[in-house]
Amino acid sequence: MTMASSSPASPIKQTNNENLKKNRIQVSNTKKPLFFYVNLAKRYLQQHKEIELSALGMAITTVVTIAEILKNNGFVTEKSIVTSTVGMKDVAKGRVIHKARIEIVLEKSEKFDSLIAATANGKVEKK
């Protein structure tokens, strides 16, 4: 994984082509509320058969929570979970730091379309 520095306010920046995936949602711990990502995942699933949720460091718990919400409500099934460690150059500290990374691939469930339709009509289906 290739990493490069950016501005002092944001000393870590990813510069590889992984960001080009159309069905990937990169989750941050501080930028958006939890249900922003849950709703975004539902919208992505309307366009794609599967989505990939990814996060680094402290945002990993947020990604796991999002995946569990989608799974427990019947929208998705879990396809794969991959964990790794990535090294990034931190210009402010002048060294390479290692961060934990998770990628969770979720597949649209068979009842996804009916659940979305029921939600759109204001009817929430009970399990």
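Here we summarise the structure given alongside this text. Not measured: the values here are computed from a predicted model.

Attention shifts here to the packing of helix 1 (residues 34–47) against helix 2 (residues 60–72). For the pair helix 1 and helix 2, the least separation of the axes is 10 Å and the interaxial angle reads 50 degrees. On the basis of the axis angle, helix 1 is oblique to helix 2. In terms of crossing hand, the pair formed by helix 1 and helix 2 is right-handed. The segment helix 1 lies against helix 2, with Leu 34, Phe 35, Tyr 37, Val 38, Ala 41 and Lys 42 engaging Thr 62, Thr 65, Ile 66, Ile 69 and Leu 70.

Ordered in space as 3-4-6-5, the 4 strands form an open sheet in which the pairing is mixed. The sheet terminates laterally at strand 3 (24–26) and strand 5 (76–90), the two strands that pair on one side only. For this sheet, the mean inter-axis angle between neighbouring strands, taken without regard to orientation, is 20 degrees. Pairing geometry for strand 5 and strand 6 (residues 95–108), over 14 bridges, is antiparallel. The residue of strand 6 that forms the bridge with Gly 87 is His 98. Across the sheet, helix 2 is in contact with strand 4 (50–56), strand 5 and strand 6; its angle to strand 6 comes to roughly 5 degrees.

For the rest of this paragraph, the subject is the environment of Tyr 37. Secondary-structure assignment places Tyr 37 in helix 1. Given a relative accessible area of 5%, Tyr 37 falls into the buried group. Residues Tyr 37 and Val 27, spaced 10 residues apart in sequence, show a C-alpha to C-alpha distance of 7.4 Å. Leaving out residues up to four positions away in the same chain, Tyr 37 has contacts with Ile 25, Gln 26, Val 27, Ser 28, Lys 32 and Ile 66. Of note is the side chain of Tyr 37, whose polar atom sits 3.2 Å from the backbone nitrogen of Ser 28.

Basis of the calculations
- Residues numbered from 1 in each chain as written.
- Predicted model: local features only at pLDDT ≥ 70, side-chain atom pairs only at ≥ 80, totals over all residues.
- Heavy atoms only, no water.
- Axes fitted to C-alpha atoms, helices over the stretch in contact; angles between N-to-C directions.
- Helix = DSSP H or I, 4+ residues; strand = E, 2+ residues; numbered from the N terminus.
- Parallel < 35°, antiparallel > 145°, perpendicular 65-115°, else oblique.
- Left-handed = near helix turned anticlockwise from the far one by under 90°.
- Contact = heavy atoms within 4.5 Å.
- Pairing = 2+ DSSP bridges.
- Buried < 20%, exposed > 50% of the residue type's maximum accessible area, 1.4 Å probe, protein only.
- Polar contact = N/O pair within 3.5 Å; in protein donor to acceptor, adjacent residues only side chain to side chain.

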